[in-house]
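# Architecture and fold: a report
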Amino acid sequence: MSDPQEKDKNTAELTPEVKTVLNRARKSFFVSIGLLVVGLMAVGAALVYRSSQNEAKTGGDYVITALKIPEGGEVVSAVAADGRVTVTYKLGPMTSVRVFDGKSGEMIREIPVVSE
């Protein structure tokens with residue numbers, strides 16, 4: 001049986017240039033793997049942070065079910081922002097804007113739109 005410590009006569013010794021290239025490749029490999037691990041940890045931390053945020057504002061400011069506009073009025077647009085609902089409607093030749101409270105449905109203000 002042969003001694004495992006004994007070098008095989010068929011294998012050639014690596015030159016210093018080859019050793020330098022292999023060491024440089026190893027260092028490059030470890031740096032890129034380290035960056036990959038750091039990036040994956042950052043993505044994981046971002047996912048945990050976003051999932052731990054419990055302030056879900058999905059329509060909580062708006063609980064009204066219906067808005068009142070004059071009979072025969074045609075809604076041009078409706079916008080919900082800042083806890084209010086703004087409805088632009090047209091009734092015959094006149095266009096008006098009504099602002100409603102998002103929680104109670106109460107009309108806050110009506111603004112007639114006039115042309116100059």
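Each chain carries its own residue numbering, running from 1 in the written order of its sequence. Confidence filtering applies because this is a predicted model: local features only for residues at pLDDT of at least 70, side-chain atom pairs given and counted only at 80 or more, and all residues used for totals across whole chains, interfaces and linings. Only hydrogens and water are set aside; all other atoms, that is, all heavy atoms of the structure, feed into the side-chain values.

## Overview of the overall build of the chain
Stated precisely, the cut-off is as follows: The secondary structure listing takes helices from DSSP runs of H or I that are at least 4 residues long and strands from runs of E that are at least 2 residues long, numbered from the N terminus. Each residue is assigned to one of three classes by its accessible area relative to the maximum for its type, calculated with a 1.4 Å probe on protein chains only: buried under 20%, partly exposed between the two thresholds, exposed over 50%. Here, two residues are considered to be in contact whenever any of their heavy atoms come within 4.5 Å of each other. The protein chains shown are the only cover counted for residues, whose accessible areas, like all others here, come from Shrake-Rupley with a 1.4 Å probe.
In terms of helices and strands, the chain carries 1 helix and 4 strands. Shown N-terminal to C-terminal, the secondary structure of the chain runs as helices and strands in the order α-β-β-β-β. Counting over 116 residues, the chain shows a buried share of 10%. The contacts in the chain between residues at least 6 apart in sequence include a share of 17% that link residues at least 24 apart. For the chain, the exposed area adds up to about 10,200 Å²; of that, 59% sits on carbon and sulfur atoms.

## So, a nonpolar patch on the surface
Here is the rule: Note that patches include only residues with greater than 30% relative accessible area and no salt bridge, and the join distances are 9 Å for like charges and 5 Å for nonpolar side chains (Val, Leu, Ile, Met, Phe, Trp, Tyr). A side-chain nitrogen of Lys or Arg and a carboxyl oxygen of Asp or Glu constitute a salt bridge if their distance falls within 4 Å.
Taken together, the side chains of F29, F30, I33, L36, V37, L40 and M41 present a nonpolar region at the surface, about 720 Å² in accessible area. Topologically, F30 is positioned in helix α1 (residues 16-52). Taking the relative accessible area as the measure of exposure, F30 reaches 55% and is therefore exposed.

## Quick look at the sheet that holds strand β2 (residues 84-91)
The cut-off we apply is this: In this description, strands pair whenever DSSP reports at least two bridges between them. Orientation is described by lines fitted to C-alpha atoms, with helices fitted over the stretch in contact, and by angles between N-to-C directions that extend from 0 to 180 degrees.
Read across the sheet, 4 strands follow the order β1-β2-β3-β4 without closing on themselves; strand pairing throughout is antiparallel. Each of the sheet's edge strands pairs with one partner strand only, and the pair in question is β1 (74-81) and β4 (107-113). Across this sheet, the average inter-strand angle for adjacent strands is 15°, counted without regard to direction. Where strand β3 (residues 94-101) and β4 come together, 6 bridges link them in antiparallel fashion. Note on β4: the bridge partner recorded for S96 is P112.

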